Amino acid sequence: MSFRSYCLAGALCFGALFVTRVSLAQLSDTAERDDRLGQVAATGDFNGDGFPDLAIGVPEEDVDGMSDAGAVHVVYGSAAGLTETEMQFWSQNEKGVPNDAGLGDAFGAALAAMDYNNDGYDDLAIGVPGESFGDINEAGGVLILLGSARGLSTGGNQYLNQTLSGMPDQAENNDRFGAALAAGDFNNDGFGDLAIGVPGENVGSVVGAGAVHVFLGTESGFDPAGGQFVHQDTNGIPDAAEGGDAFGASLAAGDLNGDGFSDLAIGIPEEDVAAKIDAGALLVLYGQSSGLATNGASFSHQDAEGIEDTAADAEQFARTLVMGDIDRDGRDDLVVGIPFEAGSALAAGSIQVFYGTSVGLSAGNDQHWNQDTASLGATAGPGDLFGYALALGDYNGDGYLDLAVGAPGKTIQAVSEAGGVYILAGASNGLSGAGSRFWQQNDGGTIERNEQGDFCGGGLVAGDFNADGFAELGVGVPQEDDGGVTDIGKIQLLKGSAAGLVAQVEHTWAQNSLPERPELVDPEDGEIIVVGGDGAPVDPAEPFDVFWSESSDADGQTVTYYWQLSLTPTFNILPMNVPVGTANRYNTTVGEIGRVLGAIGILADSSFTFYHRVVATDGRGQSYSAPYAVTLKRGQIVANEEGVVPEAFALEQNYPNPFSGQTTVAYVTTRAGSVRLDIFNQLGQRVRAVVEGFEPAGSHRVDVDLSDLPSGVYLYRLQTETEQAVRTMLLVR
C-alpha cells in the first residue's frame, strides 16, 4: 500500500449530479456485413441466480464459411446488470450441439425461454427454421439447451424436428419449423410447455397454410409423439386452411382469462379476410389440464364485430404479438402488431390491444393505436412500420407493464428509416398516451446517431437484468453500420427508473474483436490519497496523474481511452468519466479531484473509498481494466504506509454491503455531545434520520432498515459538533 498527501483550497458542498454509465459492450465473434444483430432476443434466468439473462439471436450470422447459418449470444445478468464477464456464444458448430451449421439455417431466428423440465433453471429453445435434412430444404428444427447453476449447457439437450419418430407430421420443403416460438404452462402442471410455429406447413394439398406444434414439458424433456398438431383444418378450429395463410408465423403465450392455464395466441398474418388479401387474423387457444383446447377458440380480425378499425389488403394483422398483464387485474392482455396498416399513410402501422377478461379475448374490450392517436402527439408517415416490434416491461417500477412499440421505418429529420421506439405507460385502466415518450438514437447517451436505414426499433426485448424493480429495454438497431461494415446490427440498452426509461443508453451490445485489456499502473489498488492534512498546504495545481498499459487492437483500429472514477465497484455511478484520447495516462490536478470530492459531500476530516479503471475502445468495442480501490481522505491523516489506524473519529463501511433491506452502521466518536446520522439519496434529499441526540464518546453500532426504499446508491453522513464523515451504501432489492 502506498501513501501520499495533498492539500486543496475551496469550500465543499453536499449534493451532486451523477452520470449514468455509457459503454459499448462487446459480444464474442466479429461483426460482419449483413449480420443484422438486434432482430431477435429473449430473456430467462438460465443460471437460477435471480437475475434475468439475455439471449440474442443472430440468424444471419455466417459460421465457418456458411452464410446465414446463424448464432446465439447469451449475456448473464447480475446486481450490476448484464455483464461482459459472463457470456456464451452458441452455433451448430459448437461441441455437443446436434447437426452442423449449414447454409441458410438461420439458427436463432426465434427464441423462447422457460423452465421446461421444472428443475429451477430456465431453458432456451432456439429456432432453426432454415435447417435442411438431406434433400428436404428449409424443413426446420428447434434446439433445446438446458439451464444449470453454470448457465446454459449442451448436457441433456434435445433437437426437435419433423423427421423424428412419432411426430404427427413429416418434414417437407419450406415448412420452416421453428420460425416462431412461444413458451407457457398450458396445462398448469409447473413444467414449461413449448409452441412451435410452422408457417410454411402444407395442410393436405393446401400449400403454405401453416401449422403449430405444441409440446408439453416433462422432467425428461419433450416427447415428439406426445405433442399437439394444430392448423385451421383441425376439428373445432374456426375458419379453414388456405394457401399462404402463414398460420403460426407469430406466437405469444399468457393467461388471458386468469384461470391459471396459459393460453396461446397464434398469428395468421397472411389470412385473407373476405376479398381483402393478406389482411391477417388471430386465433387464441385456451389452456386446460390436458393442454390447449381446440374447442372454444377465439378467432378475430379487423372486420370482426366489435373490433376497432377495419381490415384492408396487405396489412398483416397479427404479424407481431406480445402478452402481459398491463392493467394488473390478474389476466394477461394481448397486444397485436399491424405494422403494414395504411391509416393516414401507406404502411404507417398500428397496434390493437385486447384486454383479458374472464372469458378470454373479448371483441368489445380493445383499443386501436397508431401515430395519429391524439394522445401520442405524433404523426404517422409512410413506411414507419409502427408495431413492427413489441415489448412489455415495468420500466418505471410502478407495478404496471408499459409497452414499447418499434417504428423502425420512421423518417426522422429527413433521415429515412432511421427508426425509433414509442413507450406507452401502463395503468389500472390500461395503456395511456399521457406521458408517452419517443426514443431515437439522436437522443444522446450513445456514440450512435440516426443514419439512413438503421431500422432502430426493428427488435425489442425487456428484462430487469439487475433485479432492481425497473425493467431495462433492449432496442435492436439491426441495420446499423459500423467501421465501414454495413448492417452489422446492435442492441441499445435503456435503463429503467422511477421516472421511466432513461434516454441515455446504458450499454450498446455489438459483435467485435475487442481491444487488448489495459492494466492500471498508478494509483495502485488499495492506495490511500490524503487531500489536506496536518502538514504545510500543497498548491491545488499539484499534479494528480493516472497511468496504465497501452492496448492494441487485433482489427488494427485506433485505440482510445476513458478514465473512470466510480462510487461503487459496479461502476454504475460515475462522478468522473473522462475521454483521454490515445495517450495511456490522464493528467489532472489535486484541485480537480477536490472539486469531485466536494460535489459528493466529502467534507474536511472525512474519507471515502472510490474505484477507478480505464476503458480501452476501438470505436466499436471496449475492454476494461481491473477496477482498483482508492481511498480519498480530507483533513487528518488516519492511516500510514504500514496501514496502522489510530483511534479516532471514524465512520465505518456499513455491513452487509450491498444489502437488500437491513444493514448495520458502526462509528466512533471522540467526545461526548450531539450526534446525527442521516441517510441521503443521490439528489441530496434526506430519506432517513437514524441517530439524532446526545451520545457518549466511544464506539457505536446502529441497525438501519431501508426495505421501504428503492434500489440505488445512498449516502450516509455522521456529524458531531466538530467532526463529520460521509460514506455510500448500495441497496439492491
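S.K.: Quick one: what's the story with the overall build of the protein, residue by residue and with numbers?
M.R.: When you go through the protein residue by residue, the secondary structure sums to 1 helix and 48 strands. For the protein, the residues scored as buried account for 57% of the 733 residues in total. Across the protein, the fraction of contacts at a sequence separation of at least 24, relative to all contacts at a separation of at least 6, is 61%. Within the structure as shown, the protein displays about 26,800 Å² of accessible surface, and the carbon and sulfur contribution to it stands at 47%.

S.K.: Any details on the environment of Gly210? Residues and values, ideally.
M.R.: Along the chain, the position of Gly210 falls in the loop between strand S13 (193-198) and strand S14 (211-215). Those residues within four positions of Gly210 in sequence are excluded, and the remaining contacts are Val198, Pro199, Glu201, Val203, His231 and Phe247.

S.K.: Give a detailed account of the sheet that holds strand S43 (residues 662-669), specifying residues and quantitative values.
M.R.: The strand order across the open sheet built from 3 strands is S42-S43-S46, with neighbouring strands paired in antiparallel fashion. Taken across any chain shown, the strands that pair with only one partner, and hence form the sheet edges, are strand S42 (650-651) and strand S46 (698-705). Sheet topology note: the S43/S46 ladder contains 8 bridges and is antiparallel. Across the sheet, Ala666 pairs through a bridge with Arg701, a residue of S46.

S.K.: Can you explain the pattern of salt bridges? Please cite residues and give values.
M.R.: Summed over the entire model, instances satisfying the criterion amount to 15 salt bridges. Between Arg36 and Asp34 there is a salt bridge, and its shortest N-O distance comes to 3.5 Å. As a salt-bridge pair, Arg676 and Glu692 come within 2.7 Å of each other at their nearest N and O atoms. Separated by 16 residues along the polypeptide, Arg676 in strand S44 (residues 673-680) and Glu692 in strand S45 (residues 686-695) bring together distant segments of the chain. The class of Glu692 is exposed, set by a relative accessible area of 57%. Shared partners join several salt bridges into a network, and the residues in it are Arg33, Asp34, Arg36, Glu60 and Asp487.

S.K.: How would you sum up the sheet that holds strand S21 (residues 333-338)? Please name residues and give values.
M.R.: Here we have 4 strands laid out as an open sheet, ordered S20-S21-S22-S23, and antiparallel in their pairing. Pairing within the sheet leaves two strands with one partner each, and these edge strands are strand S20 (320-324) and strand S23 (366-369). Adjacent strand axes in the sheet meet at a mean angle of 15° when their direction is disregarded. Direction of pairing for S20 relative to S21: antiparallel, over a ladder of 5 bridges. Paired with Met323 across the two strands is Leu334, which belongs to S21.

S.K.: Tell me what's going on with the environment of Gln92, and back it up with residues and numbers.
M.R.: Considering the arrangement of structural elements, one finds Gln92 in the loop between strand S7 (87-90) and strand S8 (111-114). Owing to a relative accessible area of 2%, Gln92 belongs among the buried residues under this scheme. Excluding residues that lie within four positions of it along the chain, Gln92 makes contacts with Val97, Pro98, Asn99, Asp100, Ala101, Asp105, Phe107, Val128, Glu131 and Tyr159. Side chain to side chain, Gln92 and Glu131 meet in a polar contact 2.7 Å long.

S.K.: If you had to explain the packing of aromatic side chains to someone new, which residues and values would you point to?
M.R.: By the definition in use, this model includes 7 aromatic pairs. Both rings, one in Phe386 and one in Tyr422, keep their centres 5.4 Å apart while their planes meet at 75°; by these two values the pair is edge-to-face. Of the two residues, Phe386 sits in the loop between S23 and strand S24 (390-393) while Tyr422 sits in strand S26 (residues 420-427), which places them 36 residues apart along the sequence. An identical accessibility class is assigned to Phe386 and Tyr422; each is buried.

S.K.: Residue-level account of the pairing of strand S5 (residues 53-58), with values.
M.R.: Within S5, 6 of the 6 residues are buried, leaving the element largely enclosed by the surrounding structure. Judged by which residues are buried, S5 turns out to be covered on both faces: Asp53, Ala55 and Gly57 on one side and Leu54, Ile56 and Val58 on the other are all buried. In terms of strand pairing, S5 meets strand S6 (residues 71-75) through 5 bridges, oriented antiparallel. Residue pairing across strands places Leu54 opposite Val75, the latter belonging to S6.

S.K.: Explain the side chain of Asp487 residue by residue, including any values.
M.R.: Summarising the element assignment, Asp487 is placed in the loop between strand S29 (472-477) and strand S30 (490-494). The class for Asp487 is buried, based on a relative accessible area of 15%. Sequence-distant contacts of Asp487, defined by excluding residues within four places in its chain, comprise Glu32, Asp34, Asp35, Arg36, Pro478, Gln479, Glu480 and Asp481.

S.K.: Which residues make up the confidence of the model for the protein, and what values go with them?
M.R.: The share of residues in the protein with pLDDT of 70 or more is 86%, and the mean pLDDT across the chain is 85. Residue range residues 1-24 is modelled with pLDDT below 50. Its contacts to residues more than four positions away, or to other chains, number 100 contacts. Per-residue pLDDT stays below 50 along residues 532-538; that stretch engages in 12 contacts with residues further than four places along the chain or on separate chains.

S.K.: Hey, could you go over unusual backbone geometry for me, with residue numbers and the actual values?
M.R.: For the bond running from Asp522 to Pro523, omega is 0°, close enough to zero to count as cis. Backbone torsion omega between Tyr655 and Pro656 reads -5°, so that peptide bond is classified as cis. Relative to the helices and strands, Pro656 resides in the loop between S42 and S43. One non-glycine residue with positive phi stands out, namely Asn174, at about 65°. Within the secondary structure, Asn174 sits in the loop between strand S11 (153-161) and strand S12 (180-184). Overall, Asn174 belongs to the partly exposed group, its relative accessible area being 45%.

S.K.: Go over empty space enclosed by the protein with me, naming the residues and quoting the values.
M.R.: On inspection of all chains with the given rule, the structure shows 2 cavities of 30 Å³ or more. Space inside the second largest cavity adds up to approximately 40 Å³. As for the second largest cavity, its lining consists of Arg671, Ala672, Gly673, Ser674, Thr720, Glu721 and Thr722. In terms of residue class, the lining of the second largest cavity is made up of 1 nonpolar, 4 polar and 2 charged.

S.K.: Go over the nonpolar core with me, naming the residues and quoting the values.
M.R.: Ranked by size, the top nonpolar core spans 22 residues in total, and within it Val72 and Leu124 carry the most contacts. Those elements that provide at least two residues to this core are strand S4 (40-44), S6, S8, strand S9 (123-128) and strand S10 (141-146). For this core, the leading source of residues is S9, giving 3 residues. Excluding anything up to four places from it in sequence, Val72 contacts Ala55, Ile56, Gly57, Gln88, Phe89, Trp90, Phe107, Gly108, Leu111, Leu124 and Ile126.

S.K.: Residues and numbers for the side chain of Ser298, please.
M.R.: Checked against the element boundaries, Ser298 lands in strand S19 (residues 291-300). Among the polar contacts made by the side chain of Ser298, one reaches the side chain of Tyr286 at a distance of 2.7 Å. Setting aside chain neighbours within four positions, we find Ser298 in contact with Leu282, Leu283, Val284, Tyr286 and Leu361.

Procedures and definitions
- Residues numbered from 1 in each chain as written.
- Predicted model: local features only at pLDDT ≥ 70, side-chain atom pairs only at ≥ 80, totals over all residues.
- Heavy atoms only, no water.
- Helix = DSSP H or I, 4+ residues; strand = E, 2+ residues; numbered from the N terminus.
- Buried < 20%, exposed > 50% of the residue type's maximum accessible area, 1.4 Å probe, protein only.
- Contact = heavy atoms within 4.5 Å.
- Areas by Shrake-Rupley, 256 points an atom, 1.4 Å probe, with all protein chains shown as cover.
- Pairing = 2+ DSSP bridges.
- Salt bridge = Lys/Arg side-chain N within 4 Å of Asp/Glu carboxyl O.
- Axes fitted to C-alpha atoms, helices over the stretch in contact; angles between N-to-C directions.
- Polar contact = N/O pair within 3.5 Å; in protein donor to acceptor, adjacent residues only side chain to side chain.
- Phe/Tyr/Trp six-rings, centres within 6.5 Å; stacked < 30°, edge-to-face > 60°.
- pLDDT = per-residue confidence, 0-100.
- 1 Å grid on protein atoms, 1.4 Å probe; cavity = no way out; pocket = protein on both sides within 12 Å on 5 of 7 lines; lining within 4 Å.
- Points joined across faces, edges and corners; volume = space filled by probe spheres on them.
- Nonpolar A, V, L, I, M, F, W, Y, C, P; charged D, E, K, R; others polar.
- Core = buried A, V, L, I, M, F, W, Y, C linked by side-chain atoms within 4.5 Å.

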